[in-house]
Amino acid sequence: MNDITRSAAHPHEPDLDALREIVALTIDTARRKGASASEAALSRSAGLDVNVRLGEVETIEHTRDNSLGVTVYFGNSRGSASSTDFTAAAVRETVEAACRIARHTAQDEFAGLADPDRMAIDPPDLDLFRPWNIDADEAIALALETETAAREHDARITNSDGASVSRHDGDFVYGNSHGFLEGYSSSRNGVSCVVIAEDSSGMQRGYWYSTARDPASLEPASQIGLTAARRTIGRLGARKLDTRNAPVLYEADIARGVIGHFVAAVRGANLYRKASFLVDRLGERVMTDHLRIHEQPHLRGALGSAAFDGEGVATTPRDLVSDGVLQGYVLDSYSARKLGMSTTGNAGGVHNLTVDAGAKSFEALLAEMDTGLLVTELMGMGTNIVTGDYSRGAAGFWVEGGEIAYPVEEITIAGNLADMFLGIREVGADVDARGGIRTGSLLIDQMTIAGN
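Residues numbered from 1 in each chain as written. Predicted model: local features only at pLDDT ≥ 70, side-chain atom pairs only at ≥ 80, totals over all residues. Heavy atoms only, no water.

## Remarks on the packing of helix H1 (residues 16-32) against helix H2 (residues 88-102)
Two quantities define a packed helix pair, namely the angle between the axes and the distance from one axis to the other. Running from amino to carboxyl end, H1 crosses H2 at an angle of 40°, the nearest separation of the two axes being 9 Å. When the interaxial angle is binned, H1 and H2 end up oblique. Considering how the two elements wind past one another, H1 and H2 form a crossing that is right-handed. Only Ala88, Val91, Arg92 and Val95 of H2 make contact with H1, whose side of the interface consists of Ile22, Leu25, Thr26, Thr29 and Ala30. (Axes fitted to C-alpha atoms, helices over the stretch in contact; angles between N-to-C directions. Helix = DSSP H or I, 4+ residues; strand = E, 2+ residues; numbered from the N terminus. Parallel < 35°, antiparallel > 145°, perpendicular 65-115°, else oblique. Left-handed = near helix turned anticlockwise from the far one by under 90°. Contact = heavy atoms within 4.5 Å.)

Listed below in structure tokens is the structure:
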């Protein structure tokens, strides 16, 4: 077996065959130890993170991680163990540890591998590996360019929390005793900046970032710095609001979190535990009737793309919501069995979950709202998926006559997710693709804004 931990095996030079050998050895060892079924997932990653602040280098980190996880089944008894060592001896010890656990675990009729007929066959290459051949010195120069652009934009930019440049490359291989054994390499690169502005009204912090698999798709460093600076300057003079009810417009980056609450509400583990306000709502209208939410797992180069999920199940495009009606849940094989359903290929999460964009630009959404709150920042964790009750600290801008009037802070926005989803009036054309959930800004008809 190849020693893939040696320095030559950098993810810039992926050797998936060597990693498949390790996973195949793991599965074979489990079989020889008497396991009726087994699965193993191996990941290897390497990266560079550079941070600068006030024109000086703060940190340079080179990272390298290995992980091998194995799960064995003796009938419906399950045991799992993991290791960071990929040698044959370590594989044997890890499998033995998983077997010892399984032999002392109660039977669970829902435990087991995903069904063999759901395995991905000849999974497509989704162009997920676009390594950034940037060294530490080049990354430092880029981070300094980003921060300098921000700090020089306006004299009111008086301090900085720094600029960062990162590149991360990884390899992933999954196999199981059905005979499935596949893997892929992937990249994720990013540039970010956070600065602080100050005037007679006080201090404000703002940020901006860009992330992509392909470094050529990143925003220019100077533009990232300028955007961070402008957003920070725009926060100066923030006011508080009296308590009121008003429409709320979630900026696209923040709107991703609202859709994330929907994902949590239709996730299998919450459904079979009866811990979601959307239990037993399949086939019912749960959102405004013009809304469509769907998975696009095979978008080439996208951050949420995957040809198969964490159990080897083939991913497929599908609707979760169409015309406002709930069409599907987010299930792995275990939660699916608990619910008497079939896996949806979501072991490990959703894949490019997309809220179909409307035709209106962000500026047109402001005009559509006329008077209300633009949310650009959320704080706290005040969401109850069981009841749908929602309450979050927020900051943003008060809008009057379709124009931004002034920044606001120290407010709370509250409502119920069921009402919020049904009250989505518009989805903006300004889709933010910097994550596994892709959505434009969301305009919600009415929420409670608590202030003074």
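What follows continues from the structure just given.
## Section: the sheet that holds strand S1 (residues 37-53)
Taken together, 6 strands build an open sheet; the order of strands is S3-S2-S1-S4-S5-S6 and the sheet is antiparallel. Every interior strand has two partners, whereas the edge strands, strand S3 (77-83) and strand S6 (202-212), have only one. Each neighbouring strand pair of the sheet contributes to a mean axis angle of 20°, computed without reference to strand direction. Bridge analysis of strand S2 (residues 56-74) against S3 gives 7 bridges, and the strand direction is antiparallel. Note on S3: the bridge partner recorded for Phe74 is Ser77. Contacting S2 and S3, H2 runs over the sheet at an angle of about 150° to S3. (Pairing = 2+ DSSP bridges.)

## Some remarks on the sheet that holds strand S9 (residues 318-322)
Spatially, the 5 strands line up as an open sheet ordered S10-S9-S8-S11-S16, and their pairing is mixed. In the strand order of this sheet, the two ends are held by strand S10 (325-326) and strand S16 (437-438), each with one partner. As paired elements, S9 and S10 share 2 bridges and run antiparallel to each other. Looking at the pairing, Val321 lines up with Leu326 of S10.

## Things to note about the side chain of Glu147
Inspection of the secondary structure assignment puts Glu147 in helix H3 (residues 136-151). Buried charge without a partner: Glu147 forms no salt bridge, and the closest opposite charge is Arg151, 4.3 Å away. Apart from residues no more than four positions distant in its own chain, Glu147 is found in contact with Val52, Arg53, Leu54, Gly55, Ser160, Gly162, Ala163 and Cys193. (Buried < 20%, exposed > 50% of the residue type's maximum accessible area, 1.4 Å probe, protein only. Lys, Arg positive; Asp, Glu negative; His and termini not counted. Salt bridge = Lys/Arg side-chain N within 4 Å of Asp/Glu carboxyl O.)

## A few points about unusual backbone geometry
At Asp127, a position not held by glycine, the phi torsion is positive, near 60°. Here Asp127 is to be found in the loop between H2 and H3. Of note in the backbone geometry, Asn352 takes a positive phi value of approximately 50° without being a glycine. On the secondary structure map, Asn352 appears in the loop between helix H7 (333-338) and strand S11 (353-355).

## Description of the packing of aromatic side chains
Under the defined criterion, the tally for this structure stands at 10 aromatic pairs. Aromatic side chains Phe262 and Phe421 sit 6.0 Å apart centroid to centroid with 90° between the ring planes, which places their arrangement in the edge-to-face category. Pair noted here: Phe262 is in helix H5 (residues 252-265) and Phe421 is in helix H9 (residues 417-422), with a separation of 159 residues, a long-range link. Given the relative accessible area of 1%, Phe421 is considered buried. Three or more aromatic residues link up through ring pairs in this structure, and these residues are Phe172, Tyr174, Phe180, Tyr184 and Phe308. Its end group placed over the ring of Tyr209, Arg434 keeps NZ or CZ at 3.9 Å from the ring centre. (Phe/Tyr/Trp six-rings, centres within 6.5 Å; stacked < 30°, edge-to-face > 60°. Lys NZ or Arg CZ within 6 Å of the ring centre and 35° of its normal.)

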